[in-house]
Amino acid sequence: MNFITVKANIQVEVTEKKSKFIANLFPIQSVEEAEELIRETKKKYHDARHNCIAYRMQEKEKVIEKSSDDGEPSGTAGAPMLNILQKNHLVNVLIIVTRYFGGILLGTGGLVRAYSDSLLKAIEEGELIEKCQGTEMLVTIEYSEFDRFKYYCKNHNILITNVEYGEFIVCKIEIEDDKKEELRKDFETKNIILRDIKEINKKYITKSI
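Let me sum up the structure you'll find in this document. (Residues numbered from 1 in each chain as written. Predicted model: local features only at pLDDT ≥ 70, side-chain atom pairs only at ≥ 80, totals over all residues. Heavy atoms only, no water.)

## So, helix α5 (residues 177-188)
For α5, spanning 12 residues, the distance from its first C-alpha to its last is 18 Å, which sits close to the expected 16 Å at 1.5 Å a residue. Every buried residue of α5 is listed here: K180, L183 and D186. All buried residues of α5 project into a common sector of 130 degrees when viewed along the axis, lining one side. Exposed side chains of α5 directed beyond 90 degrees from the buried face belong to D178, E181, K185 and E188. Where α5 is buried, its residues contact β7 (128-141), α4 (146-155), β9 (169-176) and β10 (196-206). Backbone geometry just downstream of α5 places K190 in the positive-phi region, at approximately 65 degrees. (Helix = DSSP H or I, 4+ residues; strand = E, 2+ residues; numbered from the N terminus. Expected span 1.5 Å × (residues − 1). Buried < 20%, exposed > 50% of the residue type's maximum accessible area, 1.4 Å probe, protein only. Arc of directions from axis to C-beta. Contact = heavy atoms within 4.5 Å.)

Structural data, given as structure tokens:
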């Protein structure tokens, strides 16, 4: 299952009738990480009136979802933000919107709009990336073939994540699953000259767009 997520944390602010809304949009790798970020954010903004949240996390082909209004009227914060994450197909993300009350009541409609606008602004200013099922592999090559291999990787959207120099060069690469067989075929037919190629593990990797 491919999905869209954010590359890095993005923070934005929205002001509505003197209330300040601070939105933090995080990439997450687990539910535990999300819960820890929520605890840390509540501690950081301990003097705020509300810290409302929503997150979606993929675990074993299932998407785990959670939202909280954190004391705001029911359905005015967490649920609208979760709905936006769903509609934008965002997964492995956490949104926390912190509200400092400005003394003017916004009403339920105003709250929904303020929390929604905060998240939408964060999505707009953040960098979205697509993740897909892929494989980490180790490739061993001669020094004389390294430049050619780098050129091959660039043309085939294969990411070299680490290079170790010894008797031979050993590259750790990330490759989309649907391109893996093409790499093996090119290795076997000597379209590219490699000493060895070995799979390490399956993982979600950034998809070339």
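## Details of the environment of L105
Among the structural elements, L105 can be located in the loop between β6 (93-100) and α3 (107-125). Since its relative accessible area comes to 71%, L105 is described here as exposed. Expressed as a C-alpha distance, the spacing of L105 and T5, which sit 100 residues apart in the sequence, is 33 Å.

## Looking at the pattern of salt bridges
Taken as a whole, this structure holds 14 salt bridges when the rule is applied. Where E72 meets R99, a salt bridge forms, and the shortest distance between an N and an O atom there is 3.0 Å. One end of the pair, E72, is in the loop between β5 (62-68) and α2 (78-87); the other, R99, is in strand β6, and 27 residues separate them in sequence. One exposure class covers both E72 and R99, and it is buried. For K180, the salt bridge identified is with E199, shortest N-O distance 3.3 Å. Taken together, the residues K180 in helix α5 and E199 in strand β10 connect sequence positions 19 residues apart. One network of salt bridges, in which partners are shared, links E136, E174 and K203. (Salt bridge = Lys/Arg side-chain N within 4 Å of Asp/Glu carboxyl O.)

Remember, this is a structural readout, not a statement about activity or role.
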